Every structure is written in structure tokens, then in C-alpha cells.
Amino acid sequence: MTAFALQAQPTDAASWLELARRAEAAGFDTLQAADHPGSCAAPHVALAAAAAVTSRIRLGAYVANAGIREPLLLATDVATLDVVSGGRAFLGLGAGHTPAEWRAVGLERPDVAGRVDRCLGVADAVRKLLAGETVTADTPHLRLSDARLDKPRPVQDRIPLLLGTANTRMLRWAGTHADVVGLTGFGRTLADGHQHDARWRLDQIDRQVEAVRSGTGSPALESLVQVVEITDDAEAVAAPHAEEIGMSVSDLLEVPFVLIGAVAEIRSAIVRHEKRWGITRYAVRTPAFEAVEAINATSDPR
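So, how was this worked out
- Residues numbered from 1 in each chain as written.
- Predicted model: local features only at pLDDT ≥ 70, side-chain atom pairs only at ≥ 80, totals over all residues.
- Heavy atoms only, no water.
- Helix = DSSP H or I, 4+ residues; strand = E, 2+ residues; numbered from the N terminus.
- Buried < 20%, exposed > 50% of the residue type's maximum accessible area, 1.4 Å probe, protein only.
- Lys, Arg positive; Asp, Glu negative; His and termini not counted.
- Salt bridge = Lys/Arg side-chain N within 4 Å of Asp/Glu carboxyl O.
- Pairing = 2+ DSSP bridges.
- Right-handed = clockwise from strand over helix to strand, strands pointing away.

(A) Structural detail: the side chain of R115. You can see R115 is positioned in helix α5 (residues 112-130). Here R115 occupies a buried position and makes no salt bridge, while the nearest side chain of opposite charge, D111, is found at 6.3 Å.

Here's what the structure looks like:
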């Protein structure tokens, strides 16, 4: 069954709480909040507020920046969210990509290998802390000394882990350790520190999924969708995006990072994504809310 996650940010209390209520009523599986310190709200604070007005929807960061978040503080945030939501939190992590976020806390952004080392170290440490273990680490990218999370203890016996990435080493690790792998489609970070090259070619997606499946686990696959548009002329809407990325329109309409077309066409594409890659989850942003409602309102073509 296809599940949708909504990634959103609060601008004021009333609209944020109403959005959380609407997302749950509309059937969204998850409410997610981004983590870009200095340019968006603190994700776990925002999600704790959303927990107070919802009862079913899962809650977590998409994704916390492991490069600048300390494991014990992050574990405390996630455990607190799990307590106040009655057991609906998940741990969402990524390696981070924006140089300004490192500089703002007095650090220089490591190279790709360093960011991956740090992220996987943080993921392992936070999982152990949430499980009640005492954690010590001493590596070039991560140091902890007898860290332990005695209080608060999570409601869930095991907090689910979502790892968001397109990096091969992280995908392989996630294939064994994660519950959900967020396929971002992100390639090299561009000069502005925010935008990315796209890893959207069909063969690139094949390789990303193969990396996940090389692990010993069976995580769900979630695609981070950049464009959602219901239209009777999918080719016309897709054309400028295809030109920007350097893909054919037909190939672009096959990738799981866009959902463009009539509702029936989008539902058919979702079925193809599951058959080819095993993708069953989609993370979308607030402008796609009504489109997802329309997609969910139709019957599954299978």
C-alpha cells in the first residue's frame, strides 16, 4: 500500500496545528520537518506541538543534520518527541550538505567521506542511546564518553530509523540498519550550498536501490518528490524540468522524484515504481497536499 509523508514547516501556531490535523485527516502516514538551523524551525519542537493535536500520524525530522547534531542531544529530542506523541516518533538522519550550517557552529564542513563517517557514527550512537545503552566513541569525526539516555525513555521499544541519502556507502549501511531509506536523488552539492546535481537517471536509481538491497535488512523505500502536478498534459509540464536536468521527457516521467500527469497516470507510475524499485512511500511538500488527497481518493489500479 502506498504511503505519503508530508514535509512542512510552521510559520505560526494556528496554521501549523491546523496543517497537522488536516494531514492526519487526509491520510498522510507521516509529518516531517526539515533541519536547517538558522533558516527553518527546530524540527522536534515543531513536531512536539503537532503531536498535541494528532493521534495517529508519525512524526520525525526529514532529516536531522548529523554533521552538526550531537548524538545525546539528538537522542533526547527524539525520545522526548516519542513520549509526548505517545510513541509516534522516528529518527530521521542525513549527512548534511550546507556549508553555512557548519560555519555557523564554528566548524568546517568535512569532505564527503568525512560527512558519511560522521553520519553513520551518529546514527549508530543515537540508536544505541535510544535503546538504553551506554555509548563511548573516539574517532576523527565523533567523540562520546560514557553517554547514556536515562531520561526520558522512549515509549517505543525501538525507534524507527529513516536515513535520507543518495550516497552509495550510506545506502548499503541503510540496507542493513534502517527501517526506511529516503531516496533523495541528490548528487553533488552546487556552489550555493543548497542545490544539487540530480541523480535521476533510471540506471542511477537502479544502482541506488541495488546498494540498499545489498544489505541484510528489508527497509521500506521512500522517494523525496520534487514536483507533484495533476495535469492533462504531463509532457508539457515535464518538459522544462527534463531540459534542466538533461533527461528525456519520457524518462523523467518514469522517475519517482516527480509525480506529473492525470491522477490515473500518476497512480500507474506509482505502481511501476513499486514493481521496478520497490518504492512504496513518497515524501512531498505542502504545495502537493491537495494533489495527494486526489491521488489517495482514487482506487489502486492494481
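(B) Layout of the sheet that holds strand β4 (residues 64-65). The strand order across the open sheet built from nine strands is β3-β2-β1-β15-β12-β9-β8-β5-β4, with neighbouring strands paired in parallel fashion. If you trace the sheet from one side to the other, it starts and ends with β3 (58-61) and β4, each paired once. Where β4 meets strand β5 (residues 91-94), two bridges bridge the pair, whose relative direction is parallel. From the neighbouring strand, A64 faces β5, where its bridge partner is L93.

(C) Spatial organisation of the pairing of β3. Strand direction decides the pairing type here: strand β2 (residues 30-33) and β3, joined by four bridges, are parallel. The residue of β3 that forms the bridge with L31 is L59. Note on the crossover from β2 through helix α2 (residues 43-51) to β3: the handedness is right-handed.

(D) Expanded view of the pattern of salt bridges. Following the criterion strictly, the structure yields 16 salt bridges and no others. Its salt-bridge partner being D29, residue R281 comes within 2.9 Å of it at the nearest N-O pair. In this pair, R281 sits in strand β15 (residues 279-285) while D29 sits in the loop between α1 (13-25) and β2, placing the two residues 252 residues apart along the sequence. Of the residues examined, D29 reaches a relative accessible area of 23% and is grouped as partly exposed. Notably, a salt bridge pairs R118 with E70, separated by 3.4 Å at the nearest N-O pair. Note that R118 is positioned in helix α5 and E70 in the loop between β4 and α3 (71-84), a separation of 48 residues in sequence. A relative accessible area of 9% places R118 in the buried class. Owing to a relative accessible area of 38%, E70 belongs among the partly exposed residues under this scheme. In the salt-bridge network here, residues are joined through shared partners; they are D29, E222 and R281.

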